[in-house]
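Listed below are the residues making up each chain.
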Amino acid sequence: MHPSIGNGQAAQGVEKATVEGRPLDDGELVARARRGDERAYEELVLRYSDLAFRTAYLATANAADAEEAALEAFLKARQALGRFHENAPFRPWLLRIVGNEARNRRRAAGRREGLELKAARAGRAGDAAPSPEAAVLAAERRTELLSALERLEPDFRQVVACRYLLELDVAETAAALGIPEGTVKSRLSRALDRLREQLEEAVRG
Amino acid sequence: MAEQLSPLERELFALGGEIAWPLTPRLVPLRRRRPQVDRRLLIALLAAALAALLAAGAVAAGYLHIPGIEILRSSRPLPTPSKTLPTTPLGERLDLGGSEPSVAAAAADAGFPVRVPAGLGPPDEIFFKATPVPLVTLVYAPRADLPAGTDPEVGALLMEFRSADSTNFLGKTVGPDTHIEQVSVDATQGVWLAGAPHEVFVESTAGSAFPDRVRLAGNTLIWYRAGVTYRLEANVSKERALAIAGTLR
């Protein structure tokens, strides 16, 4: 099972804040963190480490820069918790800070390399073993999809990666990329059209 | 309302579960607020899960904090600045701002008293930069007792900027082999960084990172006194750096 993003990393050793064994939701953790509860904020960091790091990675295309951006974003988010509307969703708010940090860091580093995404080896633990033919086909399809994604213009690739690979919703994608929701939708639509064209061309050879 | 997904969208969602993302580093513990026994003594060292970090080949083992400066420990080696012949003026090359005719003129622009290490004498060049915070840099050319480091035109470099507890203006990322030591500087606390390259990044008070072109990465002494943070970078020993710092006038 692929670890779902945003469900925390209990293995990393920070005890989770709970009430009678029930994990606290974001709003409760934010409220506690605003009152100075360090553990509550650490729980939020653990919960969103994967999401923040990967969102930053999509923007920076560099793991070290992504790490620094995510770390900085968590620090700044904590400093800004006092200005956070308690009833607002935490994820898009955090993603906006992460996106800003990542873009700033990419600019500061002057990097121009493109994003390189690779698929993990086929056949994750717990999956039924596919037939050799099916495995080859699936691997080929993944490669085609990734290749088509890489050929997309950066703005389109970013929006597709956020929306589908990271499973952000439209509002979260907009926050992470610092663009209006309408722009997210229009870019997604055009990006999907481009992807379909490229995949059809690949099939035609 | 259930979203109608096209086959391509379903494939893309499935692909997301199969991406080999770089391993997410450990991002906690974050820097903690220390009890403010003395506002000048905000040097904090946070332990972190080094083993996990080393396994991940990634960053963030801990921080030292002086107002205005944040030091981030990295478990990955940092690139050694290349020693190349300068092709642009020093101030531009190191992003130090504009040249100033005198220390007094720099102090007038900066809005705080600029101090000069008497042990080094008058600086050879003075720079002032207004953003992201007013910053004065005194530059000493290489000489017998101040050998050049990574930049052939710099023997010592002293940066001075006004700082506040809440301002992380200057950040340093230090590699795993950088030696970090708390030291006493001129009756206040400071940090000595030596041994391996460390990067510097600059942030505005609003939180935006600025391009960093100050990457001399020589031995560095950082300390804070009376609302001003000092950063002395020179290719000298800790004892010599402390002696120089002790002569600020």
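These numbers were taken from a predicted model, which means no experiment stands behind them. (Residues numbered from 1 in each chain as written. Chains lettered and ligands numbered in written order. Predicted model: local features only at pLDDT ≥ 70, side-chain atom pairs only at ≥ 80, totals over all residues.)

K.L.:
When you look at the overall build of chain B in this model, what are you seeing that I'm missing?
P.N.:
Helices and strands together make up the secondary structure of chain B, namely five helices and 13 strands. Within chain B, the fraction of its 249 residues that count as buried is 41%. At a minimum sequence separation of 6, the contacts of chain B that also span at least 24 residues come to 56%. (Helix = DSSP H or I, 4+ residues; strand = E, 2+ residues; numbered from the N terminus. Buried ≥ 20, exposed ≤ 12 C-beta atoms within 10 Å, placed from the backbone. Contact = placed C-beta atoms within 7 Å.)

K.L.:
It is not clear to me how the overall build of chain A should be interpreted in this structure. Could you clarify?
P.N.:
From N to C terminus, chain A includes eight helices and two strands. Element order for chain A, N to C, with α for helix and β for strand: β-β-α-α-α-α-α-α-α-α. The 205 residues of chain A split such that 38% are buried. If you take every contact in chain A between residues at least 6 apart in sequence, the share linking residues at least 24 apart comes to 66%.

K.L.:
Any chance you could explain the packing of helix H3 (residues 63-79) of chain A against helix H4 (residues 90-109) of chain A here in plain terms?
P.N.:
For any two helices packed against each other, one specifies the crossing angle of their axes together with the interaxial distance. Residue and element names in this part refer to chain A. In the contact formed by H3 and H4, the axes pass within 8 Å of each other and the chain directions differ by 135°. Overall, the two elements H3 and H4 adopt an arrangement that is oblique. As H3 packs across H4, the resulting crossing turns out to be right-handed. Counting all contacts with H3, which are made through Asp65, Ala66, Glu68, Ala69, Ala70, Glu72, Ala73, Lys76 and Ala77, the residues of H4 involved are Leu94, Ile97, Val98, Glu101, Ala102, Arg105, Arg106 and Ala109. Taken together, the residues of the contact of H3 with H4 break down into 10 nonpolar, no polar and seven charged. (Axes fitted to C-alpha atoms, helices over the stretch in contact; angles between N-to-C directions. Parallel < 35°, antiparallel > 145°, perpendicular 65-115°, else oblique. Left-handed = near helix turned anticlockwise from the far one by under 90°. Nonpolar A, V, L, I, M, F, W, Y, C, P; charged D, E, K, R; others polar.)

K.L.:
For this particular structure, what's the right way to read the pairing of strand S5 (residues 135-140) of chain B?
P.N.:
On a regular strand, each side chain points to the face opposite its neighbour's, so the side chains alternate between the two faces of the sheet. All names here are of chain B. Of all six residues in S5, six are buried, a share of seventy percent or more. Summarising the sheet, S5 and strand S6 (residues 156-162) pair through six bridges and their orientation is antiparallel. Considered in S6, the bridge of threonine 137 is made with methionine 159. (Pairing = 2+ DSSP bridges.)

K.L.:
Mind showing me how you'd approach the nonpolar core here?
P.N.:
Soluble globular proteins tend to bury their nonpolar side chains together. Of all hydrophobic cores here, the largest spans 54 residues; its most connected members are Ala52, Ala56, Ala70, Ala73, Phe74, Leu94 and Val98 of chain A. The element contributing the most residues to this core is helix H2 (residues 38-60) of chain A, with 12 residues. Dropping the residues within four chain positions of it, alanine 73 of chain A is found in contact with Ala52, Leu94, Ile97, Val98 and Glu101 of chain A. By size, the runner-up hydrophobic cluster in this structure holds 38 residues, among which are Leu96, Ala156, Trp192 and Tyr230 of chain B. (Core = buried A, V, L, I, M, F, W, Y, C linked by C-beta atoms within 7 Å.)

K.L.:
Got a minute to help me understand the pairing of strand S12 (residues 220-225) of chain B in this structure?
P.N.:
Along S12 of chain B, five of the six residues are buried, which leaves the element largely enclosed by surrounding structure. In textbook terms, the turn of a hairpin is the stretch between consecutive antiparallel strands, and for S12 of chain B and strand S13 (residues 228-234) of chain B this stretch comprises two residues, one of which, alanine 226 of chain B, has a positive phi near 50°.

K.L.:
Would you take a moment to explain the environment of leucine 51 of chain A for this structure?
P.N.:
Here leucine 51 of chain A shows up in helix H2. In sequence terms leucine 51 of chain A and leucine 95 of chain A are 44 residues apart; their C-alpha atoms lie 8.4 Å from each other.

K.L.:
Explanation requested: the confidence of the model for chain A in the structure shown.
P.N.:
Low-pLDDT stretches of the model should not have their predicted coordinates read in fine detail. All names here are of chain A. Counting all residues, the mean pLDDT for chain A is 80, and 78% of those residues have values of 70 or more. Mean pLDDT across the elements of chain A ranges from a minimum in strand S1 (residues 18-19), with 45, to a maximum in helix H7 (residues 170-177), with 96. Scored below 50 in pLDDT, residues 122-127 makes nine contacts in the model with residues more than four places away or belonging to other chains. (pLDDT = per-residue confidence, 0-100.)

K.L.:
When you look at the packing of helix H6 (residues 154-165) of chain A against helix H8 (residues 181-204) of chain A in this model, what are you seeing that I'm missing?
P.N.:
All names here are of chain A. Between H6 and H8, whose axes approach to 9 Å, the crossing angle comes to 100°. One element, H6, and the other, H8, form an angle in the roughly perpendicular class. Contacts from Asp155, Phe156, Val159, Val160 and Arg163 in H6 reach Val184, Arg187, Leu188, Arg190, Ala191 and Arg194 in H8. Among the residues making up the contact of H6 with H8, the classes are represented as six nonpolar, no polar and five charged.

K.L.:
Can you walk me through H6 of chain A in this structure?
P.N.:
Helical periodicity: at 3.6 residues per turn, an α-helix aligns residues three or four positions apart in one direction. Residue and element names in this part refer to chain A. For H6, the buried fraction is high: nine of the 12 residues fall into the buried class. Among the residues making up H6, those that are buried are Arg157, Gln158, Val159, Val160, Ala161, Cys162, Arg163, Tyr164 and Leu165. Just downstream of H6 lies glutamate 167, where phi reads positive at about 60°.

K.L.:
Explain unusual backbone geometry to me, please; I cannot follow it from the model alone.
P.N.:
Residue and element names in this part refer to chain A. The phi dihedral of alanine 61 falls on the positive side, at around 60°, and the residue is not glycine. Secondary-structure assignment places alanine 61 in the loop between H2 and H3. Given 19 C-beta atoms within 10 Å, alanine 61 falls into the partly exposed group. Of note in this structure, glutamate 167 is not a glycine but carries a positive phi near 60°. Considering the arrangement of structural elements, one finds glutamate 167 in the loop between H6 and H7.

K.L.:
For this particular structure, what's the right way to read the environment of glutamate 233 of chain B?
P.N.:
All names here are of chain B. Of note, glutamate 233 is situated in strand S13. Judged by C-beta crowding, with 26 C-beta atoms within 10 Å, glutamate 233 ranks as buried. For the pair formed by glutamate 233 and tryptophan 192, sequence separation is 41 residues and the distance between their alpha carbons is 9.9 Å.

K.L.:
What is the right way to read the environment of glutamate 116 of chain A from this model?
P.N.:
All names here are of chain A. With respect to the helices and strands, glutamate 116 occurs in the loop between H4 and helix H5 (132-151). For glutamate 116, a count of 8 C-beta atoms within 10 Å gives the class exposed. Once the C-alpha coordinates of glutamate 116 and glutamate 150 are considered, the two residues, 34 residues apart in sequence, prove to be 7.3 Å apart.

K.L.:
What is the right way to read the confidence of the model for chain B from this model?
P.N.:
Residue and element names in this part refer to chain B. Confidence along chain B averages 67 in pLDDT terms, with 56% of residues attaining 70 or more. In the model, residues 31-65 has pLDDT below 50 throughout and makes 85 contacts with residues more than four positions away in sequence or in other chains. Within the model, the stretch residues 200-216 combines pLDDT values under 50 with 50 contacts to residues more than four positions away or in other chains. Across the predicted assembly, pTM comes out at 0.50 and ipTM at 0.83.

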